[in-house]
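As a plain string of letters, each chain reads:
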There are 4 protein chains.
Amino acid sequence: MSGKEEKRAEILKAAARVFVEYGFDGAKIEDIAKAAGIGKGTVYEYFESKTDLFREMLRNSVEEYRQALAEKIAQGRDIREKILNCSQYSTRFLSENLDMLEMAWQASTLMSKETRTWLIEEKLSIFRLLEDMVKDGVARAELRQGLEPELAVFSILGTIHQYYGKKVFLDEAAPEKLDHEAVVDVILNGLK
Amino acid sequence: MSGKEEKRAEILKAAARVFVEYGFDGAKIEDIAKAAGIGKGTVYEYFESKTDLFREMLRNSVEEYRQALAEKIAQGRDIREKILNCSQYSTRFLSENLDMLEMAWQASTLMSKETRTWLIEEKLSIFRLLEDMVKDGVARAELRQGLEPELAVFSILGTIHQYYGKKVFLDEAAPEKLDHEAVVDVILNGLK
Amino acid sequence: MSGKEEKRAEILKAAARVFVEYGFDGAKIEDIAKAAGIGKGTVYEYFESKTDLFREMLRNSVEEYRQALAEKIAQGRDIREKILNCSQYSTRFLSENLDMLEMAWQASTLMSKETRTWLIEEKLSIFRLLEDMVKDGVARAELRQGLEPELAVFSILGTIHQYYGKKVFLDEAAPEKLDHEAVVDVILNGLK
Amino acid sequence: MSGKEEKRAEILKAAARVFVEYGFDGAKIEDIAKAAGIGKGTVYEYFESKTDLFREMLRNSVEEYRQALAEKIAQGRDIREKILNCSQYSTRFLSENLDMLEMAWQASTLMSKETRTWLIEEKLSIFRLLEDMVKDGVARAELRQGLEPELAVFSILGTIHQYYGKKVFLDEAAPEKLDHEAVVDVILNGLK
DNA sequence: GATGAATGAGCGTTCATTCAT
DNA sequence: AATGAATGAACGCTCATTCAT
């Protein structure tokens with residue numbers, strides 16, 4: 001039956017919510033179980049340990065983000081639209097998953113060498129996703145010749161994340177009120 | 001006597017090192033005491049609790065960053081040099097304090113409303129510091145007219161932080177090998 | 001049908017193996033179920049609880065030992081052969097059931113007053129079995145007149161068990177290499 | 001100060017009592033702490049883990065037994081008195097430490113290879129202590145020529161332990177009422 | 001003021017037992 | 001009758017905090 005797989009997914013969802021709200025150490029297994037509507041012991045039928053659960057939750061979330069981002073990029077017709085889609089989707093994802101990605105850093109000591117490597121690979125693959133987008137933009141002459149793709153990615157990801165962090169966290173703006181067009185403008189045109 | 005104040009400062013320094021290495025929960029008071037070269041009980045002569053110590057350490061570190069950044073900006077002769085100085089200093093600070101700022105987010109549940117407000121204020125003051133720098137650049141015609149200062153700050157801070165995160169964390173590049181000029185270029189000129 | 005009774009017996013056999021290998025607390029019901037080739041819940045169709053299962057397993061094993069011992073004694077033609085048979089059989093039983101009898105002591109807190117009484121009775125009946133053997137030997141003048149049967153049993157059981165414990169456990173000798181003749185000699189002739 | 005060492009010893013004493021009453025798994029750290037008149041956490045200031053505490057308690061108890069036994073043997077003027085002393089002391093020790101030695105077997109899975117080796121060595125050294133006593137008896141012509149010392153030890157230890165087990169455990173006789181003289185007789189003279 | 005031994009609340013994890021299928 | 005997924009009581013262990021010295 002697929003009930004098994006579904007319950008596992010439910011626990012992962014609950015774990016994401018609780019871990020994100022309280023951090024790794026602050027999150028209690030009992031809270032996660034309660035959030036998933038099950039008993040504490042049941043969590044251990046699906047995951048070996050709190051650390052294991054955290055790792056899987058992270059894999060899950062990062063993978064979801066990466067895949068959706070790839071899709072958003074593919075859907076954009078030109079570089080401007082692609083970056084716009086990234087901005088919109090990232091903002092939505094961040095506001096739902098909060099500091100998931102920040103936690104990824106913080107939690108590095110919890111991970112096996114293998115998992116850490118996987119996570120880095122996953123992050124790099126997000127970088128590469130965007131690098132390819134930039135290279136494509138250069139090839140299509142939508143972006144200037146000689147633009148260093150890696151630097152471009154820093155500008156794109158960094159500006160988007162800062163924008164989100166300031167507006168949603170500090171100013172407590174509603175995510176749907178964000179002006180993604182302006183963000184893309186400053187990325188594309190620079191400050192000068 | 002200032003011996004009291006000095007010891008307090010020493011504990012804060014030690015706390016910063018240990019918190020940053022192990023995170024809030026992973027850091028043990030005993031470790032911090034050992035790192036400060038004092039007994040465990042002594043920490044409690046200077047701070048009410050672990051949380052209190054964490055808050056004070058954070059205040060301390062953020063304040064140090066803000067002040068140094070202000071100085072670096074003042075020292076730059078034009079906007080390019082100012083941003084360059086920010087990039088260089090931020091990178092140095094981050095590599096020494098690691099995810100201090102990330103921890104700030106994560107730790108928000110540990111803080112009193114008051115402290116959280118203070119921290120937000122402090123972050124905003126960093127934003128404003130850079131906004132003023134941008135406004136000044138626009139006034140001097142070093143940056144284009146009509147540039148939205150807030151957006152400019154997202155680009156500056158975001159690009160610098162991404163650059164640092166990718167190069168130092170993922171690629172494990174030495175902080176002194178970073179090419180800050182290129183970062184400033186992409187910030188100023190955009191991708192087009 | 002006797003299928004019910006047979007499965008019960010199978011579980012008891014499996015339980016003996018697992019309890020003996022891991023001890024009462026170390027043995028998991030799931031292990032026992034697996035060893036018996038059945039599902040965990042099925043154990044509870046045949047036994048009320050882990051403690052109950054342990055009790056029954058103990059009864060079973062002790063009863064088996066007592067009966068076999070009685071048979072071995074009956075088969076011996078004179079006192080020497082009887083004791084020899086006891087030594088050989090006890091050694092074989094112990095090496096298969098390990099510290100079953102030791103566990104009996106240790107586990108006394110797990111038992112109801114009733115079961116404890118039964119177990120003591122069972123042990124006493126083993127003592128009596130041997131006492132009768134000794135009395136018979138005295139009557140037949142195979143053993144000296146005036147020999148206190150109870151003391152004789154201490155000598156017989158004690159020497160055999162020590163022999164087994166030292167040779168098999170400490171020296172790791174193979175059970176079939178034991179020199180039971182020599183043991184019987186020292187029991188019969190004493191040290192003087 | 002020696003207060004540290006004393007408290008350690010107190011905990012070991014309390015641990016011996018509790019372990020012996022409830023077995024390794026049945027004994028709760030909290031019980032041991034309570035028995036020692038201290039808080040739960042304090043146990044961990046002196047011992048790394050429950051297993052460590054158990055090991056140390058065992059070392060302690062076995063060592064105490066071995067040393068006292070050696071002394072008792074030395075004090076006996078002839079072989080009869082030496083064995084008598086062993087019988088009396090062993091009985092006293094066993095009635096105070098109950099099945100400590102049985103627990104040693106049972107607990108073998110809890111021990112590191114090193115500790116297990118040490119325990120076996122310790123047991124062997126008890127065997128050797130008695131073997132030397134026997135050899136000395138043979139040399140002094142108190143025991144018959146050609147007596148196999150190892151077998152003699154089985155007889156001595158085995159008979160004494162059985163005697164104790166039957167009389168004190170099963171018959172619930174008071175330890176001071178035991179007839180050690182009779183035990184020595186049967187050991188020395190055998191059954192014939 | 002400085003210390004570190006003592007404490008116990010709190011949490012991760014295990015596993016006997018239950019019960020819906 | 002047989003199963004194994006679900007449960008939660010129970011316990012080992014950690015560590016922030018206290019307080020006697």
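Residues numbered from 1 in each chain as written. Chains lettered and ligands numbered in written order. Predicted model: local features only at pLDDT ≥ 70, side-chain atom pairs only at ≥ 80, totals over all residues. Heavy atoms only, no water.

### Considering the interface of chain A and chain B
Taken together, the contact pairs 42 residues of chain A with 41 residues of chain B. Between chain A and chain B, roughly 4,000 Å² of surface is buried when both sides are summed, and carbon and sulfur atoms account for 67% of that area. Ranking the residues of chain A by area buried against chain B places Leu170(A), Leu191(A) and Lys192(A) at the top, with a combined share of 19%. The interface formed by chain A and chain B contains 4 salt bridges. With a shortest N-O distance of 2.8 Å, Glu150(A) and Lys167(B) are connected by a salt bridge. Taken together, the links from chain A to chain B amount to 6 residue pairs in polar contact (both at pLDDT 80 or more). (Contact = heavy atoms within 4.5 Å. Buried area = accessible area lost by both parts, 1.4 Å probe. Salt bridge = Lys/Arg side-chain N within 4 Å of Asp/Glu carboxyl O. Polar contact = N/O pair within 3.5 Å; in protein donor to acceptor, adjacent residues only side chain to side chain.)

### Thoughts on the protein's contact with DNA strand E
What surrounds DNA strand E is a group of 30 residues, the closest being Tyr44(A), Lys50(A), Thr42(B), Lys7(D) and Thr42(D). Within 4 Å of the protein, atoms of DNA strand E come from sugar and phosphate in 66% of cases. Measuring from a base nitrogen of DNA strand E, one finds a side-chain N or O atom of Lys40(B) at 3.3 Å. Taking Gly41(D), its main chain carries an N or O atom lying 3.2 Å from a base nitrogen of DNA strand E. Those elements giving two or more residues to the surface near DNA strand E turn out to be α3 (40–46) of chain A, α3 (40–46) of chain B, α3 (40–46) of chain C together with α3 (40–46) of chain D. The residue inventory of the surface near DNA strand E, partitioned by class, reads 10 nonpolar, 8 polar and 12 charged. (Near = heavy atom within 4 Å. Helix = DSSP H or I, 4+ residues; strand = E, 2+ residues; numbered from the N terminus. Nonpolar A, V, L, I, M, F, W, Y, C, P; charged D, E, K, R; others polar.)

### Considering the protein's contact with DNA strand F
Among the 31 residues in the neighbourhood of DNA strand F, the closest are listed as Lys7(A), Thr42(A), Tyr46(A), Thr42(C) and Lys40(D). Per the 4 Å cut-off to the protein, sugar and phosphate atoms form 68% of the nearby atoms of DNA strand F. At 2.8 Å, a side-chain N or O of Lys50(D) approaches a phosphate oxygen of DNA strand F. Within the residue set of the surface near DNA strand F, elements represented by two or more residues are α3 of chain A, α3 of chain B, α1 (3–26) and α3 of chain C together with α3 of chain D.

### Thoughts on the relation of the copies chain D and chain C
Overlay of chain D on chain C (RMSD 0.3 Å): rotation 179°, translation along the axis 0.1 Å. Accordingly, the operation relating the two chain copies is best matched by a two-fold axis. The overlap is high: 95% of the interface residues of chain D also sit at the interface in chain C, so the same surface is used on both sides. (Least-squares fit on C-alpha atoms with pLDDT ≥ 70 in both.)

### Structural notes on the packing of aromatic side chains
Describing an aromatic ring pair means giving the distance of the ring centres and the angle of the ring planes. Summed over all chains, the structure comprises 32 aromatic pairs over all chains. Taken together, a centroid distance of 5.7 Å and an interplanar angle of 5° make the contact between Phe19(A) and Phe24(A) stacked. With respect to class, Phe19(A) is no different from Phe24(A); both count as buried. Ring geometry for Tyr89(A) versus Phe93(A): centroids 6.1 Å apart, planes at 35°, classification tilted. Highlighted residues: Tyr89(A) and Phe93(A), both in helix α5 (residues 79–97), separated by 4 residues, approximately one helical turn. Of the two residues, Tyr89(A) and Phe93(A), both sit in the buried class. Within the aromatic cluster, the residues linked to one another by ring pairs are Phe19(A), Phe24(A) and Phe54(A). Note that Lys166(C) overlies the ring of Phe127(D), its terminal NZ or CZ placed 5.4 Å from the centroid. In this arrangement the basic side chain of Lys4(D) is found over the ring face of Tyr46(D), its NZ or CZ atom lying 5.2 Å from the centre. (Phe/Tyr/Trp six-rings, centres within 6.5 Å; stacked < 30°, edge-to-face > 60°. Buried < 20%, exposed > 50% of the residue type's maximum accessible area, 1.4 Å probe, protein only. Lys NZ or Arg CZ within 6 Å of the ring centre and 35° of its normal.)

### Observations concerning the packing of helix α9 (residues 180–189) of chain A against helix α8 (residues 149–170) of chain B
Taken N-terminus to C-terminus, the directions of α9(A) and α8(B) make an angle of 60°; their axes are 10 Å apart at the nearest point. Here α9(A) is positioned oblique relative to α8(B), judged by the angle of their axes. Taken as a pair, α9(A) and α8(B) cross one another with a handedness that is right-handed. Within the contact between the two elements, α9(A) uses Ala182(A), Val183(A) and Val186(A) and α8(B) uses Leu151(B), Ala152(B) and Ser155(B). When grouped by side-chain class, the residues that make up the contact of α9(A) with α8(B) number 5 nonpolar, 1 polar and no charged. (Axes fitted to C-alpha atoms, helices over the stretch in contact; angles between N-to-C directions. Parallel < 35°, antiparallel > 145°, perpendicular 65-115°, else oblique. Left-handed = near helix turned anticlockwise from the far one by under 90°.)

### What to know about helix α2 (residues 29–36) of chain D
Residue and element names in this part refer to chain D. Listed in full, the buried residues belonging to α2 are Ile 29, Ile 32, Ala 33 and Ala 36. One face of α2 carries all of its buried residues, which in axial projection span an arc of 100°. Lining the buried residues of α2 we find α1 (3–26), α3 and α4 (50–75). Downstream of α2 by one or two residues, Gly 37 has phi in the positive range, about 70°. (Arc of directions from axis to C-beta.)

### Digging into unusual backbone geometry
For Ala141(A), which is not glycine, the phi torsion reads 65° and is therefore positive. Tracing the chain through its elements places Ala141(A) in the loop between α7 (113–139) and α8 (149–170).

### Describing the side chain of Ser155(B)
Counting through the fold element by element, Ser155(B) comes out in helix α8. Residue class for Ser155(B) comes out buried when judged on its relative accessible area of 1%. In contact with Ser155(B), other than residues within four places in its own chain, are Thr159(A), Val186(A), Leu191(A) and Ile187(B).

### Comments concerning the pattern of salt bridges
Two side chains bearing opposite charge may form a pair once their charged atoms approach each other closely. Residues and elements named next belong to chain B. In the structure shown here, the tally under the stated rule is 56 salt bridges over all chains. A salt bridge links Glu 64 to Lys 13; the shortest N-O distance between them is 3.5 Å. Of this pair, Glu 64 sits in helix α4 (residues 50–75) while Lys 13 sits in helix α1 (residues 3–26), placing them 51 residues apart in sequence. Across the pair Lys 166 and Asp 171 runs a salt bridge whose closest N-O atoms are separated by 2.9 Å. Look at Lys 166 and you get buried, because its relative accessible area is 6%. Among the residues examined, Asp 171 registers a relative accessible area of 35% and is labelled partly exposed.

### With respect to the relation of the copies chain A and chain B
Overlaying chain A with chain B gives an RMSD of 0.3 Å, the required rotation being 179° about an axis along which the chain moves by 0.1 Å. Most of the interface of chain A is mirrored in chain B, where 95% of its interface residues again form contacts.

### Remarks on the interface of chain D and chain C
At the interface, 42 residues of chain D touch 41 residues of chain C. At the boundary of chain D with chain C, total buried surface from both sides reaches about 4,000 Å², with 67% on carbon and sulfur atoms. It is Leu170(D), Leu191(D) and Lys192(D) in chain D that bury the most area against chain C; as a group they hold 19% of the surface buried on that side. Across the chain D-chain C interface, the total number found is 4 salt bridges. Counting the contacts that link chain D with chain C gives 6 residue pairs in polar contact (both at pLDDT 80 or more). Where the side of chain D that touches chain C is concerned, the elements lending two or more residues are α1, α6 (100–106), α7 (113–139), α8 (149–170) and α9 (180–189) of chain D. Here the side of chain D that touches chain C gets 16 residues from one element, more than from any other, and that element is α8(D). Tallied by class, the residues present in the side of chain D that touches chain C amount to 21 nonpolar, 8 polar and 13 charged.

### Quick notes on the domain arrangement of chain A
Residues and elements named next belong to chain A. The domains assigned to chain A are domain 1 (1–47) and domain 2 (50–189). Listed by partner, the interface residues are 17 residues for domain 1 and 15 residues for domain 2. Between domain 1 and domain 2, a total of about 1,400 Å² is buried, with carbon and sulfur atoms accounting for 74% of that surface. The interface formed by domain 1 and domain 2 holds 2 salt bridges in total. (Domains from an automatic or database assignment.)

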